[in-house]
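Residues per chain, in single letters:
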Amino acid sequence: MTALPLVFDAPRRGMPPRHLADLTREEARAAVTELGQPAFRADQLARHFYRGVTDPAQMTDVPADARETLAEALLPGLLTVVRHQTADDGRTRKTLWRLHDGALVESVLMRYPGRATVCISSQAGCGMACPFCATGQQGLTRNLSAAEIIGQAVAAAAAMANGDIQGGPGRLSNVVFMGMGEPLANYARVRKTLDALLAPAPHGLGLSQRAVTVSTVGLVPAIRRLTDEGRNVTLAVSLHAPDDELRDTLVPINTRWKVGEVIDAADAYARKTGRRYSVEYALIRDVNDQPFRADLLGKLLAGKLAHVNLIPLNPTPGSKWDASPLPAQREFVARLRAAGVATTVRDTRGQDIDGACGQLAAADSVSVPAVALPVPAVEEPVELGAEGDE
Ligand code: SF4
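Cut-offs applied
Residues numbered from 1 in each chain as written. Predicted model: local features only at pLDDT ≥ 70, side-chain atom pairs only at ≥ 80, totals over all residues. Heavy atoms only, no water. Helix = DSSP H or I, 4+ residues; strand = E, 2+ residues; numbered from the N terminus. Buried < 20%, exposed > 50% of the residue type's maximum accessible area, 1.4 Å probe, protein only. Contact = heavy atoms within 4.5 Å. Areas by Shrake-Rupley, 256 points an atom, 1.4 Å probe, with all protein chains shown as cover. pLDDT = per-residue confidence, 0-100. Near = heavy atom within 4 Å. Nonpolar A, V, L, I, M, F, W, Y, C, P; charged D, E, K, R; others polar. Axes fitted to C-alpha atoms, helices over the stretch in contact; angles between N-to-C directions. Left-handed = near helix turned anticlockwise from the far one by under 90°. Phe/Tyr/Trp six-rings, centres within 6.5 Å; stacked < 30°, edge-to-face > 60°. Lys NZ or Arg CZ within 6 Å of the ring centre and 35° of its normal. Pairing = 2+ DSSP bridges. Right-handed = clockwise from strand over helix to strand, strands pointing away. Arc of directions from axis to C-beta. Expected span 1.5 Å × (residues − 1).

Asks: Kindly report on the overall build of the protein chain, identifying the contributing residues and their values.
Replies: Along the protein chain, the regular secondary structure elements total twelve helices and twelve strands. The proportion of buried residues among the 390 residues of the protein chain is 57%. For the protein chain, the proportion of contacts with a sequence separation of at least 24, taken over those separated by at least 6, is 70%. Entry remark: accessible area of the protein chain is about 15,800 Å², with carbon and sulfur atoms responsible for 51%.

Asks: Explain the confidence of the model for the protein chain residue by residue, including any values.
Replies: Within the protein chain, residue pLDDT values average 86, and 85% of them lie at 70 or more. Ignoring residues within four places in sequence, the model shows residues 1-11, a span with pLDDT below 50, making 48 contacts including any to other chains. Contacts from residues 353-390, a stretch scored under 50 in pLDDT, to residues over four places away or in other chains number 110 contacts.

Asks: Report on the site of the ligand, specifying residues and quantitative values.
Replies: Near the ligand you find nine residues, and of these Cys126, Cys130, Cys133, Gly136 and Val217 are the closest. Classifying every residue of the shell around the ligand by side-chain character gives seven nonpolar, two polar and no charged.

Asks: Go over the packing of helix α6 (residues 187-198) against helix α7 (residues 220-228), please, and point to the residues and values.
Replies: When two helices pack together, their arrangement is given by the angle between their axes and by how far apart the axes lie. The interhelical angle for the contact between α6 and α7, taken along N-to-C directions, is 35 degrees, at an axis separation of 12 Å. Crossing of α6 against α7: the hand is right-handed. Note on element contacts: α7 touches α6 through Ala222, Arg225 and Leu226, opposite Tyr187, Arg191 and Leu194. Across the contact of α6 with α7, the residue classes tally to four nonpolar, no polar and two charged.

Asks: Describe the packing of aromatic side chains, with residues and values.
Replies: Per the stated rule, a full pass over the model turns up three aromatic pairs. Ring centres 6.5 Å apart and planes at 75 degrees place the aromatic pair Phe132 and Trp321 in the edge-to-face group. You can see Phe132 sitting in the loop between β5 (123-125) and α4 (134-138) and its partner Trp321 sitting in the loop between β11 (306-312) and α11 (326-338), a full 189 residues away along the chain. Of the two residues examined, Phe132 and Trp321, each falls in the buried class. Taking 5.1 Å as the distance between ring centres and 40 degrees as the angle between the ring planes, the aromatic pair formed by Tyr281 and Phe332 counts as tilted. On the criterion of sequence distance, the pair formed by Tyr281 in strand β10 (residues 277-283) and Phe332 in helix α11 is long-range, its members being 51 residues apart. The class of Tyr281 is buried, set by a relative accessible area of 0%. One cation-aromatic arrangement involves Arg115 over Tyr112; the distance from NZ or CZ to the ring centre is 4.2 Å.

Asks: If you had to explain the sheet that holds β10 to someone new, which residues and values would you point to?
Replies: Spatial strand order, β1-β2-β3-β4-β7-β8-β9-β10-β11-β12: ten strands in an open sheet with mixed pairing. A single partner strand is all that each edge strand has here, and the edge strands are β1 (80-87) and β12 (342-345). Strand-to-strand twist of the sheet, defined as the mean angle between neighbouring strand axes without regard to direction, takes the value 20 degrees. With three bridges connecting them, strand β4 (residues 115-119) and strand β7 (residues 174-177) associate as parallel partners. Bridge assignment links Thr117 to a residue of β7, and that residue is Asn174.

Asks: Explain the pairing of β7 residue by residue, including any values.
Replies: Of the two faces of β7, both are covered, the one formed by Asn174 and Val176 as well as the one formed by Val175 and Phe177. Note: β7 against strand β8 (residues 212-216), three bridges, orientation parallel. Across the sheet, the residue bridging to Val175 is Val212, located in β8. The parallel pair β7 and β8 is bridged by α6, and the resulting crossover is right-handed.

Asks: Give me the lowdown on helix α10 (residues 291-301), citing residues and values where you can.
Replies: Every buried residue of α10 is accounted for by Arg293, Ala294, Leu297, Gly298 and Leu301. Along the axis of α10, the buried positions cluster into a sector of 145 degrees, meaning they face one direction only. As for α10, its buried residues are in contact with α8 (244-250), α9 (259-273), β10, β11 and α11. A positive phi of about 80 degrees marks Gly303, the residue just after α10.

Asks: Residues and numbers for α9, please.
Replies: In an α-helix, one turn spans 3.6 residues, which is why side chains three or four residues apart end up on the same side. For α9, spanning 15 residues, the distance from its first C-alpha to its last is 21 Å, which sits close to the expected 21 Å at 1.5 Å a residue. The complete set of buried residues in α9 reads Val259, Val262, Ile263, Ala265, Ala266, Asp267, Ala268, Tyr269, Ala270 and Thr273. Just downstream of α9 lies Gly274, where phi reads positive at about 70 degrees.

Asks: Any details on the environment of Val220? Residues and values, ideally.
Replies: Mapping Val220 onto the fold places it in helix α7. Accessibility expressed as a relative area gives 7% for Val220, which makes it buried. Residues Val220 and Glu261 lie 41 residues apart in sequence; the distance between their C-alpha atoms is 7.1 Å. With near-sequence residues (within four places) excluded, Val220 lies in contact with Trp257, Glu261, Val262 and Ala265.

Asks: Which residues make up the environment of Tyr277, and what are the values?
Replies: For Tyr277, the location among the structural elements is in strand β10. In the structure, Tyr277 is positioned 64 residues away from Thr213 in sequence and 9.4 Å away in space, judged by C-alpha atoms. Filtering out sequence-adjacent residues up to four positions away, Tyr277 remains in contact with Leu235, Ile263, Ala266, Asp267, Ala270, Leu301, Lys304, Leu305, Ala306 and His307.

Given below as structure tokens:
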């Protein structure tokens, strides 16, 4: 397999112990055999993990004298709840997780009529340094392992199944990679996570491809790799500006891959998958919400298999960035629609629990410091190997 040309990545420092969810099925069977157990126990462990069973005592199909050993070796607890916060009458629940090295990440489970979506994190912090984003201000701590990412979705599925979210027991239907981090900068582990989300039980959560959304600020080589690998998940591109001049400042990675290149890569993805991609656009007062920028965006996307998702910015306390006022939002929508571009304004769930990405972890990072590493300079990309950084 060819090397992924140039993407940004976090150091390996702080990576967690081995977990079943990091392994292929063959590797898991081999690991179980090494522990003196028949290979099929790997399937039993997988079934328990994906059902959210964490207590070895509940793994009653595994002999009692083997449960602790197997669980300790292959199902180490990687995510500890620091706290849950609920909003929207209990239908939204945001969880702050502490990882084994003290790093903090968050996920948000949102229940809607007929579906339940969890927004998960793929990195602790983020190295993309978007100035309006709370996570971007923290810098990058490290990549999450596949098991740490998958674990957030498994916990959400278990919360739904157990009826922990207002509305009674239900099923997790959707996963979006829109929490902390740039998923495609942690490519190999995100790819493994996709496999686990899509695989039927006992080896995954059995979600449909269209119900899984991978979001990116526009790491063009990684979008192309995702395209080539034939994953048919939904692609979301965080554009936030239609012109390079503004996007260079709002999304610094744009100095490396320009708007045109990002849209070309997304178009190629749409052609290959037949699936409409989504363009995420945080509406920021007097920064990117002018009518002429709506027209520019309309021109950029007219006739493409794309859908614009406008997100009124959820302001970080003390930040100079603010949400667009309603009249500006309406004007923006109207101009895009007039250009023939499908447009929606995102439901901003969880605003009363600091719902903007990264804010909860940022608030806690004073009392529970993460392993702080310097923000990688966006001008200095790191060469990755064939499997990302594994
Ligand atoms: S907006 Fe997304 S890519 Fe940009 S810094 Fe925040 S988490 Fe990272």
